[in-house]
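# Examination of the molecular architecture
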Amino acid sequence: MSREKKASEWFEDFYKENENSHHNIPWAKQSVNPLLQTYLDEKRVHKGKALVIGCGLGDDAYALANGGYETVAIDISQTALRIAQKRFEGTDITFEKQDIFDMPHKYCEYFDFIFESLTIQSLPREFRSKMIKAVARCAADNGEILVVAHKKGLSDGGPPWPLTPQEIEEFKEHNLHEISSELITEPSNISNTRFRILYKKSL
Ligand SMILES: C[S@@+](CC[C@H](N)C(=O)[O-])C[C@H]1O[C@@H](n2cnc3c(N)ncnc32)[C@H](O)[C@@H]1O
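The sections below set out a description of the structure shown in this document. Residue numbers restart at each chain and count upward from 1, following the sequence in its written direction. Note on the predicted model: pLDDT of at least 70 is required for a residue's local features to be given, and 80 or more for side-chain atom pairs to be given and counted; whole-chain, interface and lining totals, by contrast, use all residues. The side-chain quantities take in all heavy atoms of the structure and omit both hydrogens and water.

### Description of the site of the ligand
We call a residue near a molecule or strand as soon as one heavy atom of that residue lies within 4 Å of the molecule or strand. Neighbouring the ligand are 17 residues, the closest being Tyr15, Gly54, Asp75, Asp99 and Ser117. Any N or O atom pair separated by 3.5 Å or less is treated as a polar contact, with the protein-specific requirement of one donor-capable and one acceptor-capable atom, and with residues adjacent in sequence counted only for side-chain atom pairs. Taking isoleucine 100, its main chain carries an N or O atom lying 3.0 Å from a nitrogen atom of the ligand. Computed by Shrake-Rupley with a 1.4 Å probe, the accessible areas treat only the displayed protein chains as cover when residues are assessed. In isolation the ligand has 600 Å² of accessible area, and contact with the protein removes 95% of it. All residues other than Ala, Val, Leu, Ile, Met, Phe, Trp, Tyr, Cys, Pro, Asp, Glu, Lys and Arg, Gly among them, are scored as polar; the first ten of these are nonpolar and the last four charged. By residue class, the composition of the shell around the ligand is eight nonpolar, seven polar and two charged.

### As for the packing of helix 2 (residues 10-17) against helix 5 (residues 78-87)
Axis angles are defined between N-to-C directions and span 0 to 180 degrees, where every axis is a line fitted to C-alpha atoms and, for a helix, only to the segment in contact. In this description a helix means any DSSP run of H or I spanning at least four residues, a strand means any run of E spanning at least two, and both kinds are numbered starting from the N terminus. The geometry of helix 2 relative to helix 5 is characterised by a closest axis approach of 7 Å and an angle of 45 degrees between their N-to-C directions. On the basis of the axis angle, helix 2 is oblique to helix 5. Facing helix 2, whose interface residues are Glu12, Tyr15 and Lys16, helix 5 presents Gln78, Thr79 and Ala80. Partitioning the contact of helix 2 with helix 5 into residue classes produces two nonpolar, two polar and two charged. Throughout, the term roughly parallel applies to angles under 35 degrees, roughly antiparallel to angles over 145, roughly perpendicular to angles from 65 to 115, and oblique to all others. Only heavy atoms matter for contacts: two residues are in contact if any of them lie within 4.5 Å across the pair.

### Points about the side chain of aspartate 75
Secondary-structure assignment places aspartate 75 in strand 2 (residues 70-75). Of the side chains with opposite charge, lysine 97 lies nearest to the buried aspartate 75, which makes no salt bridge, at 8.4 Å. In terms of polar contacts, aspartate 75 uses its side chain to reach the backbone amide nitrogen of serine 77, at 2.9 Å. Not counting the four nearest positions on each side in its chain, aspartate 75 is found in contact with Tyr15, Gly54, Cys55, Gly56, Ala80, Leu81, Glu96, Lys97 and Gln98. Buried means the residue's accessible area, taken with a 1.4 Å probe over protein chains only, is under 20% of the maximum for its type, while exposed means over 50%, and partly exposed covers the values in between. Asp and Glu are treated as the negative residues and Lys and Arg as the positive ones, with His and the ends of the chain left uncounted. Throughout this description, the term salt bridge denotes a Lys or Arg side-chain nitrogen within 4 Å of a carboxyl oxygen of Asp or Glu.

Read these as layout, nothing more, since geometry by itself doesn't imply function.
If you want it as structure tokens, here you go:
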């Protein structure tokens with residue numbers, strides 16, 4: 001098993017332990033991420049194929065599917081996917097067990113919109129560049145990627161391991177151009193500042 005996959009493994013145990021008490025899962029707000037909702041409100045036309053990275057309990061995937069995207073939601077945890085599938089039964093979302101580091105070739109340069117929230121930061125820094133590259137690779141020409149991540153403060157420990165401005169910049173090494181960049185201030189025990197960056201791919 002790869003080191004990356006090993007680092008992601010604890011998520012499955014965590015979801016399993018909390019399968020009947022979703023409120024114990026700190027990141028799972030069980031509603032659409034407001035920073036994704038702003039994108040949907042601003043964009044108005046929602047066409048094409050969307051991907052949610054590390055979809056967890058599925059709320060962001062639901063918002064995209066409901067908005068009109070053909071949506072694929074991936075997670076490494078089978079239990080998270082089972083919960084999500086149950087919560088959003090009857091919708092057209094394709095929930096798939098996938099490791100972002102090992103995506104099938106068919107998803108290379110495939111998606112018109114990708115939402116990545118808090119998954120990159122959930123893995124140790126040593127995997128960061130590889131993960132950014134893996135996410136970027138899934139975007140089609142002219143596709144957009146919305147990235148939400150906490151900004152690194154003084155603490156160096158984890159999990160999670162919030163992103164530095166230099167790490168966020170790394171997306172640009174993969175044919176991605178910044179369309180907008182915001183720093184959101186909101187109290188959190190991880191970091192009070194979050195990045196919300198929108199990129200567009202141009203091959
Ligand atoms: C901190 S949670 C964030 C969940 C959701 N994106 C959100 O913003 O609430 C990270 C998610 O990524 C998933 N994950 C971790 N490593 C992964 C990997 N290598 N490939 C796909 N998903 C992964 C976890 O199972 C978990 O659901």
